[in-house]
Amino acid sequence: MPALHLEREKVSSLTEKDVAELAARLEQDDYSDAFEGLKDWHLLRAIAFERPEMVEPYLYLLDMEAYDEA
């Protein structure tokens, strides 16, 4: 579980500027390989769950939809 702990610490220390830079990288989609982009996408998704107010302007990058389970 050390990786999960480090990820949570990273999410809690990010600023609005950091999130904007992350979103800009995802929008540009100019990664050397697919795994780098996926890593950024997972980080943005983690931020969305732990600090949703910071990701609100960038939710379109996550392509998350609400599902009706009823």
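A brief structural summary. Throughout this document, residue positions are counted from 1 along each chain, in the order its sequence is written. Restriction of local features to residues with pLDDT of at least 70 applies here, the model being predicted, together with a cutoff of 80 or more for giving and counting side-chain atom pairs; totals for whole chains, interfaces and linings are based on all residues. The basis for every side-chain value is the complete set of heavy atoms in the structure, and neither hydrogens nor water enter the calculation.

**What to know about the overall build of the protein**
A count of helices and strands for the protein gives four helices and zero strands. Numbering of helices and strands starts at the N terminus; helices are DSSP runs of H or I of at least 4 residues and strands are runs of E of at least 2. Walking the protein from its N terminus toward its C terminus, one meets helices and strands in the order α-α-α-α. The buried share among the 70 residues of the protein stands at 26%. By the convention used here, residues are in contact when the closest approach between their heavy atoms is within 4.5 Å. In the protein, the share of contacts with a sequence separation of at least 24, taken over all contacts with a separation of at least 6, comes to 54%. Of the roughly 5,500 Å² of accessible surface on the protein, a fraction of 54% belongs to carbon and sulfur atoms. Any residue under 20% of the maximum accessible area for its type is buried, any over 50% is exposed, and the rest in between are partly exposed; the area is computed with a 1.4 Å probe on protein chains only. Per-residue and other accessible areas were derived by the Shrake-Rupley procedure at a 1.4 Å probe size, with only the shown protein chains allowed to occlude residues.

**Examining the nonpolar core**
Val19, Leu44 and Ile47 are the most contacted members of the largest nonpolar core, which totals 16 residues. Among the elements that line this core, the one with the most residues is helix α3 (residues 34-50), at five residues. Leaving out residues up to four positions away in the same chain, Ile47 has contacts with Val11, Leu14, Val19, Leu22, Pro52, Met54 and Val55. The nonpolar core is taken to be a set of buried Ala, Val, Leu, Ile, Met, Phe, Trp, Tyr and Cys residues, with the residues joined through side-chain atoms within 4.5 Å.

**As for the environment of Tyr58**
You can see Tyr58 is positioned in the segment after α4 (52-55). Relative accessible area serves as the criterion here: at 19%, Tyr58 is assigned to the buried category. Each C-alpha atom, one on Tyr58 and one on Leu44, is 8.7 Å from the other, the two residues being 14 residues apart in sequence. The contacts of Tyr58, once residues within four sequence positions are left out, are Val19, Ala20, Ala23 and Leu44.

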